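Next come the chains, spelled out residue by residue.
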Amino acid sequence: MSDLPALSGVALVTGAASGIGKEVAFSFAEGGCRGVVFADINHDAATAAAKESQSFAADAAYRALAVRVDVTDLQSVQDMVDLTVREFGRVYHSVNAAGIANLTATPTASTDFTHFNHVLDTNLKGTAHCIAIVAKAMLSQPPLTYTPPHRRGHTDPSSTALNTLPPRTLGRGAIINIGSIYSTLTRPSSLAYTASKHGVLGLTKAAALDHARDGIRVNVVCPGVTDTPMFRSVLDRYPAMQSAIARNVPWEGRMASTREVAAAVLWLCSRGASYVTGACLGVDGGVGLSHGGVKI
Ligand SMILES: NC(=O)c1ccc[n+]([C@@H]2O[C@H](COP(=O)([O-])OP(=O)(O)OC[C@H]3O[C@@H](n4cnc5c(N)ncnc54)[C@H](O)[C@@H]3O)[C@@H](O)[C@H]2O)c1
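Residues numbered from 1 in each chain as written. Predicted model: local features only at pLDDT ≥ 70, side-chain atom pairs only at ≥ 80, totals over all residues. Heavy atoms only, no water.

1. What about the sheet that holds strand β7 (residues 173–178)?
Stage number 1. Read across the sheet, seven strands follow the order β3-β2-β1-β4-β7-β8-β9 without closing on themselves; strand pairing throughout is parallel. For this open sheet the edge positions go to β3 (63–68) and β9 (280–283), each flanked by a neighbour on one side alone. Direction aside, the axes of adjacent strands within the sheet are offset by 15 degrees on average.
Stage number 2. Across four bridges, strand β4 (residues 93–96) lies against β7 in parallel orientation. From the neighbouring strand, H93 faces β7, where its bridge partner is A174.
Stage number 3. Lying over the sheet, helix α3 (residues 74–88) contacts β1 (10–14), β2 (35–40) and β3, oriented at roughly 160 degrees with respect to β3. (Pairing = 2+ DSSP bridges. Helix = DSSP H or I, 4+ residues; strand = E, 2+ residues; numbered from the N terminus. Axes fitted to C-alpha atoms, helices over the stretch in contact; angles between N-to-C directions. Contact = heavy atoms within 4.5 Å.)

2. Examining the environment of G253
Stage number 1. Summarising the element assignment, G253 is placed in the loop between α7 (241–248) and α8 (258–269).
Stage number 2. Contact partners of G253, with chain neighbours within four places excluded, come to I245 and A246.

3. Here we look at the packing of helix α4 (residues 113–139) against helix α5 (residues 191–211)
Stage number 1. At a minimum axis separation of 8 Å, α4 and α5 run at an interaxial angle of 15 degrees. One way to sum up the angle between α4 and α5 is to call them roughly parallel. Considering only the axes of α4 and α5, their crossing is right-handed. Contacts between α4 and α5 involve H115, F116, V119, L120, N123, L124, T127, A128, I131, A135 and L139 on the former and, on the latter, L191, A192, Y193, A195, S196, K197, G199, V200, L203, A207 and H211. (Parallel < 35°, antiparallel > 145°, perpendicular 65-115°, else oblique. Left-handed = near helix turned anticlockwise from the far one by under 90°.)

4. Considerations on the nonpolar core
Stage number 1. Core analysis: the largest hydrophobic core is formed by 35 residues, its most contacted members being V24, F28, V36, F38, V95 and V221.
Stage number 2. For this core, the secondary-structure elements that each account for two or more residues are β1, α1 (19–31), β2, α2 (43–53), β7 and α8.
Stage number 3. A per-element tally of this core places α8 first, with eight residues.
Stage number 4. Ignoring sequence-local partners within four residues, the contact set of V95 consists of L12, V13, T14, V24, F28, I176, I178 and V265.
Stage number 5. Core analysis: the second largest hydrophobic core is formed by 26 residues, L12, V37, V134 and A135 among them. (Core = buried A, V, L, I, M, F, W, Y, C linked by side-chain atoms within 4.5 Å. Buried < 20%, exposed > 50% of the residue type's maximum accessible area, 1.4 Å probe, protein only.)

5. Brief notes about the site of the ligand
Stage number 1. Of all residues adjacent to the ligand, which total 28 residues, the nearest are S18, I20, D40, Y193 and T228.
Stage number 2. Measuring from an oxygen atom of the ligand, one finds a side-chain N or O atom of K197 at 2.8 Å.
Stage number 3. Interatomic distance of 2.8 Å between a backbone N/O atom of T226 and an oxygen atom of the ligand.
Stage number 4. Isolated, the ligand exposes 840 Å² of accessible area, and the fraction of that covered by the protein chains is 91%.
Stage number 5. For the shell around the ligand, the leading source of residues is helix α6 (residues 229–237), giving three residues.
Stage number 6. Each residue belonging to the shell around the ligand can be placed in one class, and the counts come to 14 nonpolar, 11 polar and three charged. (Near = heavy atom within 4 Å. Polar contact = N/O pair within 3.5 Å; in protein donor to acceptor, adjacent residues only side chain to side chain. Areas by Shrake-Rupley, 256 points an atom, 1.4 Å probe, with all protein chains shown as cover. Nonpolar A, V, L, I, M, F, W, Y, C, P; charged D, E, K, R; others polar.)

6. A short note on α3
Stage number 1. The terminal C-alpha atoms of α3 lie 21 Å apart, and with 15 residues this matches the ideal 21 Å at 1.5 Å per residue to within 8%.
Stage number 2. Looking at α3, one finds that the buried residues are S76, V77, M80, V81, T84 and F88. Down the axis of α3, the buried set is contained in an arc of 135 degrees. They therefore lie on one face.
Stage number 3. Contacts from the buried residues of α3 go to β1, β2, β3 and α4.
Stage number 4. Looking one or two places after α3, you find G89, whose phi comes out positive at around 90 degrees. (Expected span 1.5 Å × (residues − 1). Arc of directions from axis to C-beta.)

7. So, the side chain of D284
Stage number 1. Tracing the sequence through the fold places D284 in the segment after β9.
Stage number 2. Although D284 is buried, it makes no salt bridge; R254 carries the closest opposite charge, 11 Å away.
Stage number 3. Reaching out from D284, the side chain makes a polar contact with the backbone nitrogen of G286 at a distance of 2.9 Å.
Stage number 4. Among the polar contacts listed, one links the side chain of D284 to the backbone nitrogen of G288, at a separation of 3.1 Å.
Stage number 5. Every residue in contact with D284, bar those within four places of it in the chain, is listed here: I181, C222, P223, G224 and V249. (Lys, Arg positive; Asp, Glu negative; His and termini not counted. Salt bridge = Lys/Arg side-chain N within 4 Å of Asp/Glu carboxyl O.)

8. A closer look at unusual backbone geometry
Stage number 1. Phi at S189 takes a positive value of approximately 60 degrees, unusual for a residue other than glycine.
Stage number 2. Take S189: its relative accessible area is 23%, and that puts it in the partly exposed class.
Stage number 3. With a phi angle near 65 degrees, E252 is a residue other than glycine that sits in the positive phi range.
Stage number 4. For E252, a relative accessible area of 57% translates into the label exposed.

9. Observations concerning the pattern of salt bridges
Stage number 1. Scanning the model with the defined rule gives eight salt bridges in all.
Stage number 2. Here R259 ties to D3 by a salt bridge, and the two come within 2.8 Å at their closest N and O atoms. Of this pair, R259 sits in helix α8 while D3 sits in the segment before β1, and the two are 256 residues apart along the sequence.
Stage number 3. Between R254 and E252 there is a salt bridge, with the nearest N and O atoms lying 2.6 Å from each other.
Stage number 4. Residue R254 is classed as partly exposed on the basis of its relative accessible area of 30%.
Stage number 5. A cluster of three or more residues bridged by salt bridges with shared partners is formed by D3, E23, E30 and R259.

Structure, rendered in structure tokens:
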């Protein structure tokens, strides 16, 4: 049995050329979507990933599209969404995984504001651009409904018995942002990254509230340390982090796989999450339970 919920429709994923975004996009293909848009600033890698997804997509009519987007540029985000709607008709699931790491580890008093602006522009403003433009496109899409099948053993479709589940709205679409344990915690020398990821949690709550009545759900997945090229580059700079992970991550003392993060993202997009909006779902092996997170 698959670790992914069954899905349909069309997914738009930013940061889909690498790491978490790439695995999320692959999982949408594997989970049954008929179309996935692989959007990234690295167009060559997005194109290669989109091509690879054709080999394991579950829907026989599956189509993947690679798009170059710079999420810091509002017009570039608008072009990405326009292309998606033109090619596929509507956006069912939108995942904002484009982001950059804490590139310089300096204490607050030594903040380099070129770096600060770059992190905030990408992680916070880039996510805001995508939420706003995608939400606007979703507003013009008709809402979908879902009628659950009768419970096993209960076969009379005209029955109003308690074990007959009522139809429910799936709304106009789901938006999932990628936060971090830094959305709720911090550690030394991470002013910009902490501000950007706390901000992503704030964006999620504000957008979820604004558009709940419109049938658009907005949630955030907050991964802990996850095995991606981004995190491998952090490990290269701070090799001691490997043993810190073994000591401090409550669940098995290890990093998350990108697949474990993707499975949470897909659940939030699925029918099973039809009443979940504005939620922050930690996928962090319990790191967020203890103050300070992973120490190096
Ligand atoms: N890896 C971790 O441990 C971890 C933990 C918590 C949260 N996150 C978050 O998950 C997200 C994905 O990180 P990852 O580890 O998969 O990193 P990654 O470097 O493997 O992938 C990030 C992708 O975003 C793309 N990107 C960067 N700037 C962009 C821009 N301006 N426009 C469009 N695309 C852009 C990159 O080209 C890359 O393909 C980030 O938001 C990161 O902060 C990662």
